[in-house]
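Inside the fold
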Amino acid sequence: MNIAMIGTGYVGLTSGTCFAEVGHTVVCVDTNTEKVEKLKQGIMPIYEPDLKQLVVSNQAAGRLSFTADLNEAVRLCDIIFIAVPTPPQLDGSVDLSYIEAVSRSIAGALKSEYGYRIIVDKSTVPVSTGSKVGQVMMRYAPEGIDVDVVSNPEFLREGSAVSDLLNPDRVVIGTDSERAMDMMKRIYQPFNAPIVEVDLASAELIKHAANSFLAMKISYINAVSAVCEAAGADVEQVACGIGLDKRISRHFLNAGLGYGGSCFPKDVKGFIHIADQLGAPLNILKEVEQINADQLERFLKRIREKLWVLRNKRVAVWGLAFKQNTDDTRESVAIKLIKQMCDEGAQVTAFDPEARETGAVALDGYPVTIVDDMYACAQDAEVLIVATEWKEFAQANFQRLRECMALPIIFDGRNLLHAENVVHAGFEYHSVGRKSLYPAGGEQ
Ligand code: NAD
Ligand code: UGA
């Protein structure tokens, strides 16, 4: 099938590429012409494991192309996906101006001689957005246009997007049109995934409800981690004990510094806002947000207690990205932590395997030194903070690290390091929801 993917960001680029990988012909459209030109040359705008090779091979096979010409893509393709940003506004509501702008552009590009077209919303949107897109088609497309609007939310995670897309847990398709449903099922047939066939509004709600549920799970275990710290219990043991219950599951029960990223914070806010607007408030999610904010503050308080004052302290931070295996620093808790430390006068040096450039942009104006080696980052530091769950941090040589640092103090905000290795190398080790551990010589 011929697919147009409007918006070539994390979702559009990875999902467009995976549609090409399973045999469809895909045109990715973006208004950012520099990005389009680079992609034509196989230069990736983002770091996402396994993506580059698929982009290059599918372009070479003639199944994947990039353009800034939306009109041409609408002429060529029966199915037009929208994957543009839906950022939060100050009041928590979702900025739908990108969706509106693209919908109008599509309506303006449609011609009755092209035949039937399906407009599929893949961006995360509040319930009822799809029906508004339908209204835009009625208002702005020429008369006699044969078009259906579908909601097909995306559940990929950054850092494992390619594998999530090629092996989805489920595919949600929301539409009242049988014809559109049949075509959508044909598109997804090569993925061999369970298909959830629902109406448009339910599909939109599934996405907000799923992301908010996952955020709630994280906040739940983080709230439990505070109780563990107060009671001298171990949150990892608690998570294991409750997670083995299949009804609960161990996934997304990793206590840490809280959730970040371009989606959970904005989607929880967006869901709260639309629920309020509909007169069905989701107060539970307000608490989820509060716990998420408290989690970082509680961690910072423990660091302050240990170092006494932060002013002029040499602090090393491992991690800038909002999670492992990505260069994305949008709403990264690591960035928030560093900004707070700088505001309190600490001298921060940071390292991230992939997010050094995006991190530098996010920290523009803050006196942070970003280095390209994790040991150089820790040189002469009085404390090391692990802020992102990159696997390579756990695999560090802790003897070597000990020789770099001025004081042997580690705060692990992701419960990532192997406590025994760390303490054996002479560090005192502070983590989340667990007792602090000290080397034989005792506390520094
Ligand atoms: P992004 O910012 O990475 O990419 C969006 C792209 O759209 C950019 O390249 C931008 O240039 C382009 N764009 C903007 N206006 C355009 C227009 N009028 N025409 C063509 N292109 C245009 O965003 P993203 O992270 O891919 O997110 C897109 C949507 O998908 C959001 O609603 C997000 O919530 C949702 N989502 C994101 C993820 C994720 O992991 N990032 C996962 C699931 C769903
Ligand atoms: C999340 C969802 O997992 C995807 O299903 C969804 O498609 C996507 O949002 C979206 O809508 O954009 P993503 O934000 O890429 O994916 O990454 P996650 O792995 O969910 O992590 C989000 C945040 O939660 C990270 O900051 C991570 O460190 C944190 N997290 C995750 C925890 O603190 N504990 C956990 O147990 C899991």
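Residues numbered from 1 in each chain as written. Chains lettered and ligands numbered in written order. Predicted model: local features only at pLDDT ≥ 70, side-chain atom pairs only at ≥ 80, totals over all residues. Heavy atoms only, no water.

1. Points about helix α11 (residues 264–277)
Our working definition: Strands are runs of DSSP state E lasting at least two residues, helices are runs of H or I lasting at least four, and both sets are numbered from the N terminus onward. For a helix, the expected span equals 1.5 Å multiplied by the number of residues minus one. Working definition: with a 1.4 Å probe on protein chains only, accessible area under 20% of the residue-type maximum means buried, over 50% means exposed, and in between means partly exposed. Whether two residues are in contact is decided by their heavy atoms, any of which lying within 4.5 Å being enough.
Between its terminal C-alpha atoms α11 stretches 20 Å, which fits the 20 Å expected from 14 residues at 1.5 Å a residue. Residues F264, P265, K266, D267, V268, G270, F271, I272, H273, I274 and A275 constitute the buried set of α11. Along its buried surface, α11 packs onto α9 (200–231) and α12 (283–307). Following α11 by one or two positions, G279 has its phi on the positive side, about 75°.

2. What about the side chain of T86?
Selection criterion: Here a polar contact means two N or O atoms within 3.5 Å. Within protein one must be a hydrogen donor candidate and the other an acceptor candidate, and residues neighboring in sequence count only if both atoms are side-chain atoms.
Examined against the element boundaries, T86 turns out to sit in the loop between β4 (79–82) and α5 (97–109). A distance of 3.4 Å separates a polar atom in the side chain of T86 from a polar atom in the side chain of K266. When neighbours within four sequence positions are excluded, T86 is seen to be in contact with V94, D95, L96, I99, S123, T124, V125 and K266.

3. Notes on the site of ligand 1
So the rule is basically this: What makes a residue near a molecule or strand is one non-hydrogen atom of that residue sitting within 4 Å of it. Using a 1.4 Å probe, the Shrake-Rupley method yields the accessible areas, and only the shown protein chains count as cover for residues.
By nearness alone, 26 residues border ligand 1, and D30, K35, T86, E158 and K266 come closest of all. Take E158: an N or O atom from its side chain is 2.8 Å from a nitrogen atom of ligand 1. Between ligand 1 and K266 there is a distance of 2.6 Å, counted from an oxygen atom to a side-chain nitrogen or oxygen. Protein chains shield 88% of the accessible area of ligand 1, which is 830 Å² for the free molecule. Those elements that place two or more of their residues in the shell around ligand 1 are α1 (10–21) and α5.

4. A short note on the sheet that holds strand β11 (residues 368–370)
As a reminder of what qualifies: In this analysis, strands are considered paired if DSSP registers two or more bridges between them. Axis lines are fitted to C-alpha atoms, over the contacting stretch for helices. Their N-to-C directions set the angle, which ranges from 0 to 180 degrees.
Pairing is parallel across the open sheet formed by six strands, whose spatial order is β11-β10-β9-β12-β13-β14. For this open sheet the edge positions go to β11 and β14 (428–430), each flanked by a neighbour on one side alone. Averaged over all pairs of adjacent strands, the angle between strand axes in this sheet comes to 20°, irrespective of strand direction. Two strands pair when backbone bridges link them, and strand β9 (residues 314–318) and strand β10 (residues 347–351) are joined in this way by five bridges, in the parallel orientation. Pairing of R314 across the sheet is with Q347, part of β10. Strand contacts of α12: β12 (383–386), β13 (409–412) and β14, with the helix running at about 170° to β13, the strand carrying the most contacts.

5. A short note on the layout of surface pockets
Just so we agree on the cut-off: Using protein atoms alone on a 1 Å grid, points that fit a 1.4 Å probe yet trap it form a cavity, whereas open point sets bounded by protein on both sides within 12 Å along at least five of seven lines form a pocket; residues with an atom within 4 Å of a point count as lining. Grid points are joined across faces, edges and corners, and a volume is the space filled by probe spheres set on the points.
Roughly 350 Å³ of internal volume is contained in the second largest pocket. Taken together, 20 residues line the second largest pocket, and the ones lying closest to its centre are L96, P126, S128, T129 and K132. Going through the elements one at a time, α5, α6 (129–140) and α11 are the ones with two or more residues in the lining of the second largest pocket. Per-element tally for the lining of the second largest pocket: the top contributor is α6, with seven residues.

6. Notes on the pairing of β9
Burial analysis of β9 places four of its five residues in the buried class, which makes it a mostly covered element. Pairing geometry for β9 and β12, over four bridges, is parallel. Looking across to β12, one finds that A316 is bridged to L384.

7. Some words on the pattern of salt bridges
We count it as follows: The term salt bridge refers to a pairing of a side-chain nitrogen on Lys or Arg with a carboxyl oxygen on Asp or Glu at a separation within 4 Å.
Tallied over the full model, the rule gives 24 salt bridges. For the salt bridge of E158 with R330, the shortest nitrogen-to-oxygen distance reads 3.6 Å. In this pair, E158 sits in the loop between β6 (147–151) and α7 (161–166) while R330 sits in the loop between β9 and α13 (333–343), placing the two residues 172 residues apart along the sequence. When salt bridges with common partners are traced through the structure, they connect E158, D328 and R330 into a single cluster.

8. A few points about the site of ligand 2
Applied cut-off: Just so you know the grouping, Ala, Val, Leu, Ile, Met, Phe, Trp, Tyr, Cys and Pro go in nonpolar, Asp, Glu, Lys and Arg go in charged, and all remaining residues, Gly too, go in polar.
Around ligand 2 sit 21 residues, and of these L156, K207, N211, C263 and E389 come closest. Within the backbone of E154, one N or O atom sits 3.4 Å away from an oxygen atom of ligand 2. Protein contact buries 92% of the 700 Å² of open area that ligand 2 shows by itself. Elements represented by at least two residues in the shell around ligand 2 include exactly α9 and α11. For the shell around ligand 2, the leading source of residues is α9, giving three residues. Partitioning the shell around ligand 2 into residue classes produces nine nonpolar, four polar and eight charged.

9. Comments concerning α12
Counted at 1.5 Å a residue, the expected span for α12 with its 25 residues is 36 Å, and the 37 Å between its end C-alpha atoms agrees. The set of residues buried in α12 consists of L285, V288, I291, N292, Q295, L296, F299, L300, R302, I303, K306 and L307. As for α12, its buried residues are in contact with α9, α11, α13, β12, β13 and β14. Positive backbone phi, approximately 75°, marks W308, located one or two places after α12.

10. Examining empty space enclosed by the protein
As enumerated under the stated definition, the model contains one cavity of 30 Å³ or more in all. Every residue along the wall of the largest cavity is listed here: E229, Q295, R298, F299, R302 and V432. Ranked by residues supplied to the lining of the largest cavity, first place goes to α12 with four residues. When the residues that make up the lining of the largest cavity are grouped by side-chain class, the tally is two nonpolar, one polar and three charged.

11. Quick word on the packing of α11 against α12
The criterion, for reference: Angles below 35 degrees are treated as roughly parallel, those above 145 as roughly antiparallel, those between 65 and 115 as roughly perpendicular, and all remaining angles as oblique. Helix crossings get a hand from a simple test, with the near helix turned counterclockwise from the far one by less than a right angle marking a left-handed crossing and a clockwise turn marking a right-handed one.
Across the interface, α11 lies against α12 with an axial gap of 9 Å and an inter-helix angle of 150°. With respect to α12, the element α11 is oriented roughly antiparallel. Crossing of α11 against α12: the hand is left-handed. Listed contacts from α12 to P265, V268, K269, F271, I272 and D276 of α11 are L285, K286 and E289.

12. Brief notes about the packing of aromatic side chains
What counts, and what does not: Two rings belonging to Phe, Tyr or Trp (six-membered ring only in the last case) form a pair when the distance between their centres is within 6.5 Å. Interplanar angles under 30 degrees mark stacking, angles over 60 mark edge-to-face geometry, and anything in between is tilted. Whether a charge lies above a ring is judged from NZ of Lys or CZ of Arg, which has to be within 6 Å of the ring centre and within 35 degrees of the ring normal.
Taken as a whole, this structure holds nine aromatic pairs when the rule is applied. Through pairs of rings, three or more aromatic residues link up here, namely F19, F81, Y188 and F191. Its guanidinium or amino end placed over the ring of F155, R170 lies 3.6 Å from that ring's centre, counting from NZ or CZ. If you follow R400 out to its NZ or CZ, it ends over the ring of Y375, 3.8 Å from the centre.

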